[in-house]
Each structure stands twice: as C-alpha cells, then as structure tokens.
Amino acid sequence: MVSRLVLVLGDQLSEGLSALREADKTRDIVVMAEVADEAEYVRHHPKKIALIFAAMRKFSKALQADGWDVRYGQLDDSANAGSIVGELLRRAEETGATEVICTEPGEWRLIGELTDGPFELRMLSDDRFIASHAEFEGWAEGRKALRMEYFYRDMRRKTGLLMEGDKPAGDKWNYDHDNRKPAPDEVTGEGPLWFETDAEVEEVLALVEARFGKHFGELRPFGFATTRAQALQALAHFVKEALPKFGDYQDAMLAGQPFLYHAVLSPYLNIGLLNPLEVCQAVEKAWKNGDVPINAAEGFIRQIIGWREYVRGIYFLEGPSYTERNLLKHKRELPAFYWGSETRMNCIRHAVGQTREHGYAHHIQRLMVTGNFALLAGVDPAQVHEWYLGVYVDAFEWVESPNTLGMSQFADGGVIASKPYVSSGAYINRMSDYCKGCSYKVSAKTGEKACPFNLLYWHFLDRHRDRFSNNARMGNMYRTWDRMDAERRETVLEDAEKWLARLDAGEVV
Ligand code: FAD
Ligand code: DLZ
Ligand code: SF4
C-alpha cells in the first residue's frame, strides 16, 4: 500500500492529534519541518522560535520511539525546502506518497497554502478544543451580539466544570468582581517553573542565535518546558504555588514582577503540550480539595473554556479578511518604543522590557498598557497585530488576532468588544506601581508633565465622538468630558496634538 504523508506542525505537538489518529503507523510517514517561511513571516521573538523548534525535535523523537517513521527537516538541512508545502513535496518525491493528511492549521494563511498544494489533501478538524467550529457557529447564529459570557456558560454546561447539577458552583457564573485587587506590596512564591536546558535545547539555541539573533527579544536565559512531561510539571507548580492568588491579583501590574500569579501556560497550551480540559480539571480539583478559592478557580477556568475558545470561534467565524479590519481608520506608524527604543512612559518601558526579556506580558499589560496606548494614539491595527503576533511566545493567529484587533483595537467594529478598551492613566495607576517611577505625572491632565494616557484618552473620545457618543456604556465618559469648561478641553486637545507631533517627529516621549 502506498504511504501517505502525515503533517505535524510546530503548534500541533499532541499525541492525540487528529491527523495522527487517522494515520496508520505501519504504512504512513510523519512529516515535520523547521522552515524559514514560518520562522520569518513575522519577526518572531527568538524564545518563541527556540521553544517551537526544541519542542518539535523532542516530539518527533517521541513519535519515533512510538514506532512512527518520521521525516524531520531541520532548518539547517541543506535540502530544506524552506516552506511547509515545499517540505511536503520533498518528502512526497522521496517516498512516492501522493496524499497528505493534516490537522487544520490555526491560521488561514497556512490553510490556504495547504489547500492549494499540488497533492491530495485530507484536512481534519482540530479537536484539541472544547468547541468545534460547527458548535460555535450554531451558538452564534441569529445572535445580535456575540458576548463571551453566554458562550462561556454553555461551555461550563458542556464540560461540567464547576457545575452542581445544572447550577454553577457557588450559585454564581462569574466572580470577576472579586478579581480586581490592585497590586500587592510584595509577591510571594517562586513564579513559574523554569527548566535547565539540555544538549538538545542548547543545539536549538545556537541555531536560533545564528539565524534569528537580530529579531527583537532575548534568547537567553531560556527556561521553557519543551516536553509534555515538563509542561505537566509546570501546570502542577502553578496550581500549587500561584493559583490560590491568581484571581485576586489577575489584573494587577508590578514593576519587576513580570509574572505575578499568572500561569504562563499559554505557550504550552497553544503548541499542544497541554490540553485545555486537563488544565481546567487540575484547577477544579484544587478547588474541590479546598486548596484554592472559587474566585481563583472560576476566573482561571473562564479564561480557558470561555475566552480562549470564544476567540478561536470568532477567528474562524469571521474568515481570512478579519486581520485586515480597521474600523476606526487608524494610520499612525507603530512607535519605535514598541521595539525597545527609549520612552519616558514607565508603564510602556516595563511592559515592552519584559516582553523583550521573556516573550511574555500578562493580559492586562497587553490590553491596558501597550494595547491601550496604540488605540489611544491611533496606530494602524495591522502593525499592532504584527507586533503582538511576533513578540509573544504564545502568539498564534487564531488566538492573537481576535484579542488584538477585536478586543484591544476595536478594529473589528465591535464583534468582540461592546466598547473600546480605553483608559486614562488613572486605571494604570490604580492597578500598578508604574506611575511612581515615571517622569510623567499621572495626576497632571495638561502641560509638559501630563501623563500621555490622560491627554490621548480625551483626544480619542473627541475624535471618535460621532461613533461612540451614543454607545450606552460610554455615555458617562462623554458627560464628564462635556462638563469640563471649554477652555480646558481646548488645552487638553492642543497638548495631545503637540505630544503626538513630538512622537511622530521621533522625539523621546
Ligand atoms: P493567565 O492569565 O494565567 O490565564 C490562563 C490561561 O487563560 C492562559 O494561559 C490562556 O490560555 C487563557 N487566556 C486568558 N486570557 C485569554 C484570552 N483573552 N484569549 C485567549 N486565551 C486566554 N493569548 C494567547 O494565548 N496568545 C496570544 O497571542 C495572545 N495575544 C493577546 C493579545 C492581546 C492584545 C491581548 C489583550 C491578549 C492576548 N492574549 C493572547 C490573551 C492573554 O493575554 C494571554 O493568554 C495570557 O496573558 C497568557 O499568559 P498566562 O498563561 O500567564 O495567562
Ligand atoms: C510559529 C512557527 C514557527 C516559528 N516555526 C515553525 C516551523 O518551522 N515549522 C512548523 O511546522 N511550524 C512553525 N510554527 C508554527 C506555525 O507557524 C503554525 O502552525 C501556524 O502559524 C498555524 O498556527
Ligand atoms: Fe504610564 Fe502615565 Fe503612569 Fe507614566 S504616569 S506610568 S505614562 S500611566
């Protein structure tokens, strides 16, 4: 019988992958490939490339040990074709195979390239998620607004997580209200579990250093888990050490504390080393054992079976043109300080600094610092999207683009967010200690020292008045603005314009 090629991508490193389930170990050939096209179509953080390559290499060895014939293309193989389709063709020629089995990739670009490839293709659904595309489409059909909360409740019912019969545990679906504590004075615990590099990881680090050393981001020290066994250890460590306080400080930000009580599990979930349901079950178990409070368990489980599933549903529902949306017609270039150039804004300096160092920032840093600034300043959302897709270790388009274009930049016209996530410096000051160390003054609303978030907040509301003044959730913001005396409003807008002109002129702002 002729062999078929079974494609396993760098974010499909799961034993139970649908393509592997469908294939026959005694007949079919697994194809895995490190390729320049995937590593370079955005400027990925070196840690992200290293994690993917190291985990791919180890996964391929595990498959071989399990009896699979695996053809693995290393980036530095002289015969490497440079693209996924090219590598499949190379292996087809080598083996005589004409048919490819794959699991649906998490990006329209790659789905298109495979579908257009010159081979017979069977693309299977990616069932490493709680909801299938059909299920999400069914939920979305006929709804005026696609709000995450209602979808999340269905996922609770479906999985039985934190359910007591048909009622939510504790009689409340959502404990978000309890999860908004400002930053604690000190952070206890050890942070996420990191791993020593071994010879195989070191080999990958040397390759990444040589080929992608100029990309934004620090490669070393590298401590990510690169096998499922390590990822499971990282999960257990999180549940024990950080989960109890995860809920309380979920939205808090502290200089010098990049991880606080966050899980840092998204890289492992997104490349397939961990499965979302097993992660949630571990968290539910800790709650059932009385080790963590309900607001922590519910808050965490909501992020995974709620937000993570919901944004995936939106990505596939909205189609390939989603990433081109720009409802607010924002055109400003992404400022150089997103790539580490100097800035006087301490909050941005910290969020970008830890992104460079770790390829990580938590949700509120992404949404209310870097995302908030880009939206207030009117940065082109396509450039913002490219930045987020490149700089975070956990970034894959199916999850990154709805978060960036939808939730953070309101570029999708309100599919995800019912109002833009904008705030003045007051929010950042309440939730962090950044403002204490800033050369701007968060209490200053105008003048040289005024916090740029204050100036740009009103500038944003004023320039988008036609679109947002009738939004019921934004009425208060406009009433506050309208109550200011006319002269003050004029000064705020003038100062904002001056500040933006300095930004555009490339001054350190
Ligand atoms: P925790 O705060 O500990 O949360 C636990 C888990 O919940 C995460 O591991 C993640 O799997 C899931 N989760 C939480 N929030 C979301 C969300 N909004 N969407 C999807 N999953 C969520 N997440 C990514 O996985 N990849 C991305 O590329 C990505 N890009 C983002 C871009 C922007 C502009 C914003 C605002 C958010 C983005 N997120 C992304 C969501 C979120 O910031 C990260 O999932 C989270 O910071 C990962 O760190 P953690 O594992 O410590 O998360
Ligand atoms: C992100 C990424 C990178 C950097 N490199 C590879 C690679 O060399 N080989 C591979 O199979 N996958 C890689 N990936 C992940 C793919 O880009 C990912 O599968 C698609 O973006 C779909 O989510
Ligand atoms: Fe950021 Fe403004 Fe606070 Fe400075 S004062 S850290 S710019 S919010």
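If you're wondering where the values come from, they're calculated on a predicted model, not measured in any experiment.

Each value, and the rule that gives it
Residues numbered from 1 in each chain as written. Chains lettered and ligands numbered in written order. Predicted model: local features only at pLDDT ≥ 70, side-chain atom pairs only at ≥ 80, totals over all residues. Heavy atoms only, no water. 1 Å grid on protein atoms, 1.4 Å probe; cavity = no way out; pocket = protein on both sides within 12 Å on 5 of 7 lines; lining within 4 Å. Points joined across faces, edges and corners; volume = space filled by probe spheres on them. Helix = DSSP H or I, 4+ residues; strand = E, 2+ residues; numbered from the N terminus. Nonpolar A, V, L, I, M, F, W, Y, C, P; charged D, E, K, R; others polar. Pairing = 2+ DSSP bridges. Right-handed = clockwise from strand over helix to strand, strands pointing away. Axes fitted to C-alpha atoms, helices over the stretch in contact; angles between N-to-C directions. Contact = heavy atoms within 4.5 Å. Buried < 20%, exposed > 50% of the residue type's maximum accessible area, 1.4 Å probe, protein only. Near = heavy atom within 4 Å. Polar contact = N/O pair within 3.5 Å; in protein donor to acceptor, adjacent residues only side chain to side chain. Areas by Shrake-Rupley, 256 points an atom, 1.4 Å probe, with all protein chains shown as cover. Sits in = over half its atoms within 2 Å of the grid points. Domains from an automatic or database assignment. Buried area = accessible area lost by both parts, 1.4 Å probe. Salt bridge = Lys/Arg side-chain N within 4 Å of Asp/Glu carboxyl O. Expected span 1.5 Å × (residues − 1). Arc of directions from axis to C-beta.

### Some points on the layout of surface pockets
Move 1: Roughly 560 Å³ of internal volume is contained in the second largest pocket.
Move 2: Within the residue set of the lining of the second largest pocket, elements represented by two or more residues are α1 (18–22), α3 (46–65), α11 (266–271), α12 (276–288) and α13 (294–318).
Move 3: At five residues, the largest contribution of residues to the lining of the second largest pocket is made by α3.
Move 4: Partitioning the lining of the second largest pocket into residue classes produces 16 nonpolar, nine polar and 13 charged.

### Considerations on the pairing of strand β5 (residues 120–124)
Move 1: In terms of strand pairing, strand β4 (residues 99–103) meets β5 through five bridges, oriented parallel. Residue pairing in the sheet places threonine 103 in a bridge with leucine 124 of β5.
Move 2: Regarding the hand of the β-α-β motif, the stretch spanning β4, helix α5 (residues 108–115) and β5 is right-handed.

### Side note on the sheet that holds strand β3 (residues 69–73)
Move 1: Spatial strand order, β3-β2-β1-β4-β5: five strands in an open sheet with parallel pairing. At either margin of the open sheet sits one strand with a lone partner, and together these are β3 and β5. Put simply, the sheet's adjacent strands are angled 25° from each other on average, direction ignored.
Move 2: Looking at chain direction, strand β1 (residues 5–7) and β4 are connected through two bridges and run parallel. Considered in β4, the bridge of leucine 5 is made with valine 100.
Move 3: Against the sheet, helix α4 (residues 84–95) engages β1, β2 (29–33), β3 and β4, with an angle of about 135° to β3.

### Considerations on the environment of isoleucine 29
Move 1: Following the sequence through the fold, isoleucine 29 ends up in strand β2.
Move 2: Since its relative accessible area comes to 5%, isoleucine 29 is described here as buried.
Move 3: A C-alpha to C-alpha distance of 34 Å links isoleucine 29 and valine 264, two positions 235 residues apart in sequence.
Move 4: Setting aside chain neighbours within four positions, we find isoleucine 29 in contact with Ser3, Arg4, Leu5, Val6, Asp69, Arg71 and Thr95.

### Comments concerning the site of ligand 2
Move 1: In the vicinity of ligand 2 lie 19 residues, with Asp11, Ala33, Val35, Glu38 and Glu107 positioned nearest.
Move 2: Aspartate 11 is positioned such that a nitrogen or oxygen atom in its side chain is 2.6 Å from an oxygen atom of ligand 2.
Move 3: Out of a free accessible area of 490 Å², ligand 2 has 99% covered by protein chains.
Move 4: Of all the cavities here, the one that holds ligand 2 is the largest cavity.
Move 5: Residues belonging to the shell around ligand 2 are distributed by class as follows: 11 nonpolar, three polar and five charged.

### Describing the domain arrangement of the protein chain
Move 1: Assigned domains of the protein chain: these are domain 1 (5–124), domain 2 (133–192 + 242–318) and domain 3 (336–504).
Move 2: Facing 31 residues of domain 2, the contacting portion of domain 3 comprises 30 residues.
Move 3: Three residues stand out in domain 2 for area buried against domain 3, namely Met253, Pro258 and Tyr315, and they jointly supply 27% of the buried area on that side.
Move 4: The interface formed by domain 2 and domain 3 holds zero salt bridges in total.
Move 5: Our count for the domain 2 to domain 3 interface comes out at eight residue pairs in polar contact (both at pLDDT 80 or more).
Move 6: Those elements that provide at least two residues to the side of domain 2 that touches domain 3 are α11 and α13.
Move 7: Examining the composition of the side of domain 2 that touches domain 3, we find that nine residues originate from one element, α13, more than from any other.
Move 8: A breakdown of the residues in the side of domain 2 that touches domain 3 according to their chemical character gives 19 nonpolar, five polar and seven charged.

### Brief notes about helix α8 (residues 199–212)
Move 1: The terminal C-alpha atoms of α8 lie 19 Å apart, and with 14 residues this matches the ideal 20 Å at 1.5 Å per residue to within 8%.
Move 2: Turning to α8, its buried residues are Val201, Val204, Leu205, Leu207, Val208 and Phe212. On an axial view of α8, the arc spanned by its buried residues comes to 165°, and they lie on one face. Exposed residues on α8 whose side chains face more than 90 degrees from its buried face are Ala199 and Ala210.
Move 3: Contacts made by the buried residues of α8 are with α2 (36–40) and α3.

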